[in-house]
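# What the coordinates show
Single-letter residue listing:
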Amino acid sequence: KIKGCKHNNLKNVTLEIPLGIMTVVTGVSGSGKSTIAKRIAFEKRAEIVSSDKIRAELYGDENIQGDPNEVFRLVHERIFTYLRVGYDVIYDATNISFKNRKKLFKFLESKYIDAKHIAVVMTTPINVCIDNNNLRDRVVPEHVIMKQYKSFNIPFFEEGFDEIILDGWFDNKPITKDNIDFFDDFKSAFDEKSSKLMNLDTIDCVGEANHIYFIS
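What comes next concerns the included structure.

Rules and cut-offs
- Residues numbered from 1 in each chain as written.
- Predicted model: local features only at pLDDT ≥ 70, side-chain atom pairs only at ≥ 80, totals over all residues.
- Heavy atoms only, no water.
- Helix = DSSP H or I, 4+ residues; strand = E, 2+ residues; numbered from the N terminus.
- Expected span 1.5 Å × (residues − 1).
- Buried < 20%, exposed > 50% of the residue type's maximum accessible area, 1.4 Å probe, protein only.
- Contact = heavy atoms within 4.5 Å.
- Polar contact = N/O pair within 3.5 Å; in protein donor to acceptor, adjacent residues only side chain to side chain.
- Phe/Tyr/Trp six-rings, centres within 6.5 Å; stacked < 30°, edge-to-face > 60°.
- Arc of directions from axis to C-beta.
- Pairing = 2+ DSSP bridges.

### Describing helix α3 (residues 68-84)
When the terminal C-alpha atoms of α3 are compared, their 24 Å separation across 17 residues agrees well with the 24 Å that a helix rising 1.5 Å per residue should span. Among the residues making up α3, those that are buried are Val-71, Leu-74, Val-75, His-76, Ile-79, Phe-80 and Leu-83. Residues of α3 that are buried make contact with β3 (20-26), β4 (47-50), α2 (51-59), β5 (89-92), α4 (98-110) and β6 (115-122). At the N-terminal boundary of α3, the capping side chain belongs to Asp-67, with an oxygen 3.0 Å from the backbone nitrogen of Asn-69. Looking one or two residues beyond α3, the residue adopting positive phi is Gly-86, at roughly 105°.

As structure tokens, then:
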């Protein structure tokens, strides 16, 4: 917001410029991150930054992990570039590490990029993730997916997120303990830490809807 600007030819001008939006899609391999990223990008006319695509650019094959420092340096630079010129950004990667997400926020802060930060957390059941993964051209070893699942750091508002969306299973399936094993894990974590970290008054769960929102 520019308030009361009187420089050059401006005479007490007040102007509000909307923030850019960075959506960080998080989830294990096979959870549907790229599908959701493409849908959001289409609806919001946003640009997708994918760590897999950058690996393909650098090494000719997204299966080649290469130098992670170089990969994510380029990820951060590309996100910064898009936000700087006014594009909204969808960041498509597993994004399961709190430390790595925090590095991105600190990088953008160092570049004076003030954007709205949204986390979209994929809650697809782990068995469905494994089944989806086996149908893809690029199959991630099952033990790697299980490792991702066990080491998943749930996003919290204290990291710098303005909004956190738990994306329920696809096709508007009811979100219950019987069909979403991730849901119990996430709800338990939010229940345990909400009063301390997020000061949530209520948690609204829409059973038949495609998204669950936890609003600060």
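Resuming the write-up.
### Some words on the packing of aromatic side chains
Enumeration over the complete set of coordinates arrives at 3 aromatic pairs. Judged by centre distance (6.3 Å) and plane angle (85°), the rings of Phe-80 and Phe-107 are edge-to-face. With Phe-80 in helix α3 and Phe-107 in helix α4, this pair connects stretches of sequence that are 27 residues apart. We classify Phe-107 as buried; its relative accessible area is 17%. Relative to Tyr-87, the ring of Tyr-82 lies with its centre 6.0 Å away and its plane at 85°, an arrangement referred to as edge-to-face.

### Let's talk about helix α1 (residues 33-44)
Counted at 1.5 Å a residue, the expected span for α1 with its 12 residues is 16 Å, and the 16 Å between its end C-alpha atoms agrees. Listed as buried for α1 are Lys-33, Ile-36, Ala-37, Ile-40 and Ala-41. End-on view of α1: buried residues confined to an arc of 135°, all on one side of the axis. Exposed residues pointing more than 90 degrees away from the buried face of α1 are listed as Thr-35, Lys-38, Phe-42 and Glu-43. On the buried face of α1, the contacting elements are β3, β4, β5, β6 and β7 (163-167). Positive backbone phi, at 55°, marks Arg-45, one or two positions downstream of α1.

### Thoughts on the pairing of β3
Among the 7 residues of β3, 6 are classified as buried, and the element is accordingly described as predominantly covered. Inspection of the sheet shows β3 paired to β6 by 7 bridges, in the parallel sense. Bridged to Thr-23 within β6 is Ile-118. With 4 bridges joining them, β3 and β5 adopt parallel strand pairing. Each residue of the ladder has a partner; that of Val-25, found in β5, is Asp-92.

### Describing the side chain of Arg-138
Within the secondary structure, Arg-138 sits in the loop between α5 (126-134) and α6 (142-150). Side-chain polar atoms of Arg-138 contact the side chain of Asp-52, separated by 2.8 Å. A polar atom in the side chain of Arg-138 sits 3.0 Å from the side chain of Glu-62. Aside from chain neighbours lying at most four places away, what touches Arg-138 is Asp-52, Glu-62, Asn-63 and Asn-133.

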